[in-house]
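Here are the chains, one letter per residue:
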Amino acid sequence: MGALLEEGRQRLLGKTDQPSQEAQILLSHSSGLTHAQIIANPDHSLSEKSTADFTGLIDRRVNGEPIAYLCGAREFWSLKLTVSKDVLIPRPETELLVERTLIRMALWESPVVADLGTGSGAVALALAKESPPTRIIATDRSDDALGIARQNSQQLGINNVEFYCGRWFDALGPKLKSRINIIASNPPYVMEGDPHLLQGDLPWEPRQALISGRDGLAAFGTIISEAPRWLTPSGWLLLEHGPAQQDHVRVLMEEAGFLEITGHSDLAGLPRVTEGQLPPPCG
Ligand SMILES: C[S@@+](CC[C@H](N)C(=O)[O-])C[C@H]1O[C@@H](n2cnc3c(N)ncnc32)[C@H](O)[C@@H]1O
């Protein structure tokens, strides 16, 4: 096993920043052995099938396929989420959106919260895990993505998330209009033709999870302008965005009537989340 692991590591050199770690992850995935078992038993021989599976996974990784898709899983907010090529691979920086949303959720006893563009369900499920009595509504335009999100909710035993398919607010029934206290969304925000789309994991991820029109801002325009019709007075809208998009998001929120508009930066110091609140009820 030690020789096989080393062979895998050698093949990943120059293809990834973490060849040793990734070779171990793929060996663990194909053999069912833990990392500790792999390290402690370098002379152990793997079955023919596990060896072939490992070699196949290394081939695919050398070809650029994301490690999360190869293993079918990614951890987010300490939740092990199933992922497939139908969903964006949840990013660590999106945990900032969860943190900020939880702070706003604490303002209500039992808020109604919507996660628009839920993908794997990462944001909705993290919020639901932290706040089990809350009603959480998760939407996506992709039926396949919602299939993964539902699967994650079942695997994690999280029962307070409802899933709806459709474009942004079209996914929500008329009964919900003016009833949502908080909207959180990590929409697509990359512009068509952005060179980043050719780098790292991005070429493998769904286009509709990444690209939002020619300027990357189309989804913000729709969500921000329509949100006031769905939120209660004093309701909050929280959006993840690209580091260079904060000013644009702020202006759109001001135009839509949001107050208390505040930006937040991720651990790398990059502006990543902007939130705003609707005015309180009149009178
Ligand atoms: C950047 S991904 C975010 C996924 C997940 N919330 C996360 O943070 O990992 C954006 C998601 O929005 C969905 N989406 C794109 N356009 C949409 C639209 N018009 N209406 C609803 N969902 C949309 C995509 O299918 C994708 O799942």
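On a predicted model such as this, the values are computed, not experimentally measured, just so you know. (Residues numbered from 1 in each chain as written. Predicted model: local features only at pLDDT ≥ 70, side-chain atom pairs only at ≥ 80, totals over all residues. Heavy atoms only, no water.)

## A word on the pattern of salt bridges
Then, in step 1: Considering all chains together, one arrives at 12 salt bridges under this definition.
Then, in step 2: Ionic pairing is found between E6 and R9, a salt bridge with its closest N-O pair at 3.0 Å. Of this pair, E6 and R9 both sit in helix α1 (residues 2-12), separated by three residues, roughly a single helical turn.
Then, in step 3: You can call R9 partly exposed: its relative accessible area is 24%.
Then, in step 4: Notably, a salt bridge pairs E162 with R135, separated by 2.7 Å at the nearest N-O pair. Residue E162 is located in strand β5 (residues 161-165), and its partner R135 is located in strand β4 (residues 135-140); the two are separated by 27 residues in the primary sequence. (Salt bridge = Lys/Arg side-chain N within 4 Å of Asp/Glu carboxyl O. Helix = DSSP H or I, 4+ residues; strand = E, 2+ residues; numbered from the N terminus. Buried < 20%, exposed > 50% of the residue type's maximum accessible area, 1.4 Å probe, protein only.)

## What to know about the site of the ligand
Then, in step 1: Around the ligand, a shell composed of 16 residues is seen, among which G117, D140, W168, N186 and A209 lie nearest.
Then, in step 2: Between the ligand and G117 there is a distance of 2.8 Å, counted from a nitrogen atom to a backbone nitrogen or oxygen.
Then, in step 3: Here an oxygen atom of the ligand and a side-chain polar atom of N186 are 2.8 Å apart.
Then, in step 4: Its free accessible area being 590 Å², the ligand has 96% of it covered by the protein chains.
Then, in step 5: Taken together, the residues of the shell around the ligand sort by class into six nonpolar, seven polar and three charged. (Near = heavy atom within 4 Å. Polar contact = N/O pair within 3.5 Å; in protein donor to acceptor, adjacent residues only side chain to side chain. Areas by Shrake-Rupley, 256 points an atom, 1.4 Å probe, with all protein chains shown as cover. Nonpolar A, V, L, I, M, F, W, Y, C, P; charged D, E, K, R; others polar.)

## Considerations on the domain arrangement of the protein chain
Then, in step 1: For the protein chain, the assigned domains are domain 1 (2-64) and domain 2 (87-277).
Then, in step 2: A C-alpha centroid distance of 36 Å is found between domain 1 and domain 2. (Domains from an automatic or database assignment.)

## As for the side chain of S212
Then, in step 1: Within the fold, S212 resides in the loop between α9 (207-210) and α10 (218-230).
Then, in step 2: Of the residues examined, S212 reaches a relative accessible area of 5% and is grouped as buried.
Then, in step 3: Discounting residues that sit within four places of it in the chain, S212 has contacts with P188, Y189, V190, L217, A218 and A219. (Contact = heavy atoms within 4.5 Å.)

## A few points about the sheet that holds β5
Then, in step 1: Strands sit in the order β5-β4-β3-β6-β7-β9-β8 across an open sheet of seven strands; the sheet is mixed. At either margin of the open sheet sits one strand with a lone partner, and together these are β5 and β8 (259-265). Strand after strand, the sheet turns through a mean of 15° between neighbouring axes, direction not considered.
Then, in step 2: Taken together, the four bridges between strand β3 (residues 112-116) and strand β6 (residues 180-185) define a ladder with parallel strand orientation. The residue bridging L116 from the neighbouring strand is S185, located in β6. (Pairing = 2+ DSSP bridges. Axes fitted to C-alpha atoms, helices over the stretch in contact; angles between N-to-C directions.)

## Examining the nonpolar core
Then, in step 1: By size, the foremost hydrophobic cluster in this structure holds 28 residues, and its most contacted members are F76, V98, L127, I136 and V161.
Then, in step 2: Looking at which element gives the most residues to this core, the answer is helix α7 (residues 122-130), with seven residues.
Then, in step 3: If sequence neighbours within four positions are ignored, V161 has contacts with A124, L125, A128, I136 and A138.
Then, in step 4: Core analysis: the next-biggest nonpolar cluster, separate from the first, contains 25 residues, A114, I183, Y189 and L239 among them. (Core = buried A, V, L, I, M, F, W, Y, C linked by side-chain atoms within 4.5 Å.)

## Some words on the packing of α10 against helix α11 (residues 246-255)
Pairs of packed helices are described in terms of their axes, by the angle between the two and the distance that separates them.
Then, in step 1: Put simply, α10 and α11 touch, their axes get as near as 9 Å, and they point 25° apart. One way to sum up the angle between α10 and α11 is to call them roughly parallel. For the pair α10 and α11, the sense of crossing is right-handed. The segment α10 lies against α11, with F220, G221 and I224 engaging V249, L252 and M253.
Then, in step 2: Taken together, the residues of the contact of α10 with α11 break down into five nonpolar, one polar and no charged. (Parallel < 35°, antiparallel > 145°, perpendicular 65-115°, else oblique. Left-handed = near helix turned anticlockwise from the far one by under 90°.)

## Notes on the side chain of E275
Then, in step 1: Its location among the elements puts E275 in strand β9 (residues 271-277).
Then, in step 2: E275 gets classed as buried once you look at its relative accessible area, which sits at 0%.
Then, in step 3: A polar side-chain atom of E275 sits 3.0 Å from a polar atom in the side chain of R100.
Then, in step 4: At 3.3 Å, the side chain of E275 and the side chain of H264 are in polar contact.
Then, in step 5: Excluding anything up to four places from it in sequence, E275 contacts R100, R104, W236, L237, L238, M253, E260, I261, T262 and H264.

## Observations regarding the packing of aromatic side chains
Then, in step 1: Applying the stated criterion to the full structure yields two aromatic pairs.
Then, in step 2: When the ring of F169 is compared with that of W230, the centres are 5.6 Å apart and the planes differ by 15°; the resulting orientation is stacked. Here F169 is found in the loop between β5 and β6, whereas its partner W230 is found in helix α10, with 61 residues between them in sequence. Each member of the pair, F169 as well as W230, carries the same accessibility label: buried.
Then, in step 3: Taking NZ or CZ as reference, R104 lies 3.8 Å from the ring centre of W236, over its face. (Phe/Tyr/Trp six-rings, centres within 6.5 Å; stacked < 30°, edge-to-face > 60°. Lys NZ or Arg CZ within 6 Å of the ring centre and 35° of its normal.)

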